[in-house]
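Chain and residue survey
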Amino acid sequence: MTADAPTGDSAGSSPLQVDGDAQSDTTTVTVRCTGHVRTALGTHELEYTFPGTRLREFLESFFDEFAAHDLEEMLIAETEADATARGWAPVPDELPGTWRKNPEGEQTRPYARVCINGRFNEHDAGFDTELENGDRVALVYPFMFCC
């Protein structure tokens with residue numbers, strides 16, 4: 001694994017851990033960071049090489065590499081309650097179009113997002129989205145201000 005930003009200590013187990021059949025291939029992506037993620041890492045962009053080809057493998061490796069920055073805690077919701085913001089309007093019984101979200105345990109916290117080449121991961125295959133060399137992975141957690 002390589003990264004062009006400060007590294008942290010490895011953390012314990014994570015809900016993102018990959019099954020025992022992890023691929024031995026490596027993938028290099030450009031990681032773009034905004035808001036709180038950018039502040040925590042001290043950079044807005046870095047190249048990152050990880051073992052495997054899926055978003056799940058990227059996140060596991062990246063969170064382990066930068067464990068001192070608590071990025072997993074910042075971005076990933078472990079429960080449905082952690083993924084839901086208070087104050088949203090109730091969801092109507094009949095929704096227009098096709099609405100998808102990641103399953104519980106594979107969601108981001110309110111306002112945080114993970115994008116691949118500018119597309120939210122839940123519009124692809126969630127954490128099982130395949131990544132290729134040169135893809136852009138954005139870790140988005142904007143600063144929120146309230147009056």
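Our subject is the structure listed above.
Summarised in this report is the structure supplied together with it. As the structure is a computational prediction, the values presented were derived from the model and not from experiment.

1. Focus on unusual backbone geometry
Non-glycine residue Asp70 carries a positive phi angle of around 55 degrees. Secondary-structure assignment places Asp70 in the loop between helix H2 (55-65) and helix H3 (71-75).

2. Some details on the pattern of salt bridges
Scanning the entire structure with this criterion turns up 8 salt bridges. Put simply, Arg54 and Asp128 hold a salt bridge, and the shortest N to O gap is 3.1 Å. Remark: Asp128 occurs in the loop between strand E7 (119-120) and strand E8 (136-141) and Arg54 occurs in the loop between strand E3 (45-51) and H2; sequence separation between them is 74 residues. In this structure, the salt-bridge partner of Arg56 is Asp128, at a minimum N-O distance of 3.0 Å. Residue Arg56 is located in helix H2, and its partner Asp128 is located in the loop between E7 and E8; the two are separated by 72 residues in the primary sequence. The buried category is assigned to Arg56, whose relative accessible area is 9%. When its relative accessible area of 33% is taken as the criterion, Asp128 is described as partly exposed.

3. Overview of the side chain of Glu106
By the secondary structure assignment, Glu106 is in the loop between strand E4 (76-77) and strand E5 (107-108). Glu106 sits in the buried class, given a relative accessible area of 18%. Side-chain polar atoms of Glu106 contact the side chain of Arg56, separated by 2.9 Å. When neighbours within four sequence positions are excluded, Glu106 is seen to be in contact with Arg56 and Phe127.

4. Digging into the packing of aromatic side chains
According to the stated counting rule, one finds 6 aromatic pairs in the structure shown. With a centroid separation of 5.0 Å and 80 degrees between ring planes, the pair formed by Tyr48 and Phe62 is classed as edge-to-face. A residue pair is termed long-range when its members are at least 10 positions apart, and Tyr48 in strand E3 and Phe62 in helix H2 qualify at 14 residues. Pair check on accessibility: Tyr48 and Phe62 agree, each one buried.

5. Overview of the pairing of E8
Two faces belong to every sheet, and in a regular strand the side chains alternate between them. Summarising the sheet, strand E2 (residues 26-34) and E8 pair through 5 bridges and their orientation is parallel. Within E8, the residue paired with Thr34 across the bridge is Val140. Strand direction decides the pairing type here: strand E6 (residues 113-116) and E8, joined by 4 bridges, are antiparallel. If you follow Cys115 over to E8, its bridge partner there is Ala138.

The rules we used
- Residues numbered from 1 in each chain as written.
- Predicted model: local features only at pLDDT ≥ 70, side-chain atom pairs only at ≥ 80, totals over all residues.
- Heavy atoms only, no water.
- Helix = DSSP H or I, 4+ residues; strand = E, 2+ residues; numbered from the N terminus.
- Salt bridge = Lys/Arg side-chain N within 4 Å of Asp/Glu carboxyl O.
- Buried < 20%, exposed > 50% of the residue type's maximum accessible area, 1.4 Å probe, protein only.
- Polar contact = N/O pair within 3.5 Å; in protein donor to acceptor, adjacent residues only side chain to side chain.
- Contact = heavy atoms within 4.5 Å.
- Phe/Tyr/Trp six-rings, centres within 6.5 Å; stacked < 30°, edge-to-face > 60°.
- Pairing = 2+ DSSP bridges.

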